[in-house]
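A structural walkthrough
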Amino acid sequence: MNKFLEKLQIKLTPRFIRKIQRIESKVNSLNEKIDFANNKLLSINIFYNNLLNNITNINNFYKLNLNREAYNHRLYDNNKYNIAIVKCTGNLNIGNEFINAGGIYLLRKIFSNSKFYEYEFLDSATIDNYKYPTPALLNKDIKEIESNCDIMFLLCGSIISLRAKNILFELSKIKIRKVMLGASCLIYDENEKSLCYSLQSLYDEIFCRDNITYSLFGNSFNVYSAIDLAFFTDYISKNDNYICNYGGGYALINIDLIRDNMQVIEYYKQLLKEQYKNVYVYENTSNTYYDIQDFIYAGYWDSIYKLIAKADFIVTNRIHTSLVCISNSVSFKYIGEDNAETIGRSSLFNMINFRLEKDKIYNKDDLKEYTKIIEEKKHDFVNLLKSIYCSDKDA
């Protein structure tokens, strides 16, 4: 400042300098007031946005209650409904296949007098995998659901995630009663916690498959604690005599067939061949592998279920392969990273008091104690659904 005034040939007297300093002080004071006002304005904007969100959620809850009252009126008029089932994307992984099979069985058992329309939300709608994402359902399917159906059940797994956020928001706009069955988070972070907060006002009821996801909803009145839908595939296998009381005389390796795992797979093949005559490598995927010895490709979920349930021993890093082993008392070793020491998808086993630990071997005799717990949890889930949706609780 002084050099600038010297260039203008202004004499820097003490009095003039004091005036400049007073001006600078006033300018600084004014800037502080402007910053303070901006912070206040920002706080007001945040408060206003939160208020709008709360008003929106209250409005959505009000609409949910109106929908529920209208539905319950129909519910006590008769026990026949037109039900839309929206399945997980099939053929991506075995967990989705078991969830779909178990969920369909569960709903058809409870609503035995109803008419069903089955759909699949498209994986091509996920925003992180596809450069040009599609809608979750085609327009013709949405129109058919809204025209023909009373209620829509979305069969879920770890769907509460940013990658599936647009799918959940899109399906929530369908103008009938909407229910999420067996839902959970994917990575259980703050983003997914925020997503839970939004979803509770967009869906009429939400049934969580693990207690951690349930807690993220903050005890909302329309959110319930339940179990993974894949547990109900066990009912299908037993009713259709899929599973025998003896092992198949083989061991099975079910690990992601990626380059980093090939040495692990080969290690376990050699190790298991010392005890079992036949050792097979299996992975449910849309890709076939022509250069892996003893590789089994099975495309249908029931073939896969039998393959797992009849094995004498299994090594896997898959959550739902572990689930089938537990349900059918098949000895197995879990080598996945998503285990009891982390907060993740393995949390679904908390609901049956089972702790999935990495590198631990579970013997079939030890697994039999969980059979009764699983049956009790399934029975509780069925009764919960009946108490909400069925006028005849014994239906």
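Residues numbered from 1 in each chain as written. Predicted model: local features only at pLDDT ≥ 70, side-chain atom pairs only at ≥ 80, totals over all residues. Heavy atoms only, no water.

1. Examining the overall build of the chain
When helices and strands are counted, the chain shows 13 helices and twelve strands. Across the 395 residues in the chain, those meeting the buried criterion constitute 46%. Restricting the contact set of the chain to residue pairs at least 6 apart, pairs at least 24 apart contribute 69%. Just so you have it, the chain exposes about 21,000 Å², and 50% of that area is on carbon and sulfur atoms. (Helix = DSSP H or I, 4+ residues; strand = E, 2+ residues; numbered from the N terminus. Buried < 20%, exposed > 50% of the residue type's maximum accessible area, 1.4 Å probe, protein only. Contact = heavy atoms within 4.5 Å. Areas by Shrake-Rupley, 256 points an atom, 1.4 Å probe, with all protein chains shown as cover.)

2. What about the sheet that holds strand β7 (residues 250-254)?
With mixed pairing, the six strands of this open sheet are ordered in space as β9-β8-β7-β10-β11-β12. Either end of the sheet is taken by a strand with one partner, and the two such strands are β9 (295-296) and β12 (360-362). (Pairing = 2+ DSSP bridges.)

3. Re the side chain of Ser-114
Within the secondary structure, Ser-114 sits in the loop between α3 (94-110) and β2 (115-120). Using a relative accessible area of 13% as the deciding quantity, one classes Ser-114 as buried. At a separation of 3.1 Å, a polar atom in the side chain of Ser-114 contacts the main-chain amide nitrogen of Tyr-81. (Polar contact = N/O pair within 3.5 Å; in protein donor to acceptor, adjacent residues only side chain to side chain.)

4. Considerations on the packing of aromatic side chains
Per the counting criterion, the structure on display carries 18 aromatic pairs. Each ring, one from Phe-349 and one from Phe-354, has its centre 5.8 Å from the other, and the planes form 65°; the classification is edge-to-face. Here Phe-349 matches Phe-354 in class, with each residue buried. The lysine or arginine in question, Lys-378, covers the ring of Phe-232, its NZ or CZ lying 6.0 Å from the ring centre. (Phe/Tyr/Trp six-rings, centres within 6.5 Å; stacked < 30°, edge-to-face > 60°. Lys NZ or Arg CZ within 6 Å of the ring centre and 35° of its normal.)

5. Section: the sheet that holds strand β4 (residues 177-183)
Spatial strand order, β2-β1-β3-β4-β5-β6: six strands in an open sheet with parallel pairing. In the strand order of this sheet, the two ends are held by β2 and β6 (223-225), each with one partner. Each adjacent strand pair in this sheet contributes to an overall mean axis angle of 20°, direction not counted. As paired elements, strand β1 (residues 82-87) and strand β3 (residues 151-155) share four bridges and run parallel to each other. Within the sheet, the bridge partner assigned to Ile-85 lies in β3 and is Phe-153. Packing against the sheet, α3 makes contact with β1, β2, β3 and β4, and its axis sits at approximately 150° to β3. (Axes fitted to C-alpha atoms, helices over the stretch in contact; angles between N-to-C directions.)

6. Remarks on a positive patch on the surface
Residues Arg-15, Arg-18, Lys-19, Arg-22 and Lys-26 make up a contiguous surface patch of positive charge. On the secondary structure map, Lys-26 appears in helix α2 (residues 14-75). (Patch = residues over 30% accessible without salt bridge, like charges linked within 9 Å, V, L, I, M, F, W, Y side chains within 5 Å. Salt bridge = Lys/Arg side-chain N within 4 Å of Asp/Glu carboxyl O. Lys, Arg positive; Asp, Glu negative; His and termini not counted. Charge placed at Lys NZ, Arg CZ, Asp CG, Glu CD.)

7. A look at the packing of α3 against helix α11 (residues 319-327)
Closest axis-to-axis distance for the α3/α11 pair is 7 Å, and the angle between their directions is 50°. Viewed along their axes, α3 and α11 adopt a mutual orientation that is oblique. Facing Ile-94, Gly-95, Phe-98 and Ile-99 of α3, the residues of α11 in contact are His-320, Thr-321 and Val-324. Here the residues of the contact of α3 with α11 are counted per class, giving four nonpolar, three polar and no charged. (Parallel < 35°, antiparallel > 145°, perpendicular 65-115°, else oblique. Nonpolar A, V, L, I, M, F, W, Y, C, P; charged D, E, K, R; others polar.)

8. What about the pattern of salt bridges?
The tally for this structure, following the rule as stated, stands at 14 salt bridges. Arg-318 serves as the salt-bridge partner of Glu-283, at 2.2 Å between the closest nitrogen and oxygen. Note that Glu-283 is positioned in the loop between β8 (278-282) and β9 and Arg-318 in the loop between β10 (313-316) and α11, a separation of 35 residues in sequence. Glu-357 is the salt-bridge partner of Arg-355, the closest N and O atoms lying 3.5 Å from each other. Within the structure, one salt-bridge network assembled from shared partners comprises Lys-87, Arg-108 and Glu-118.

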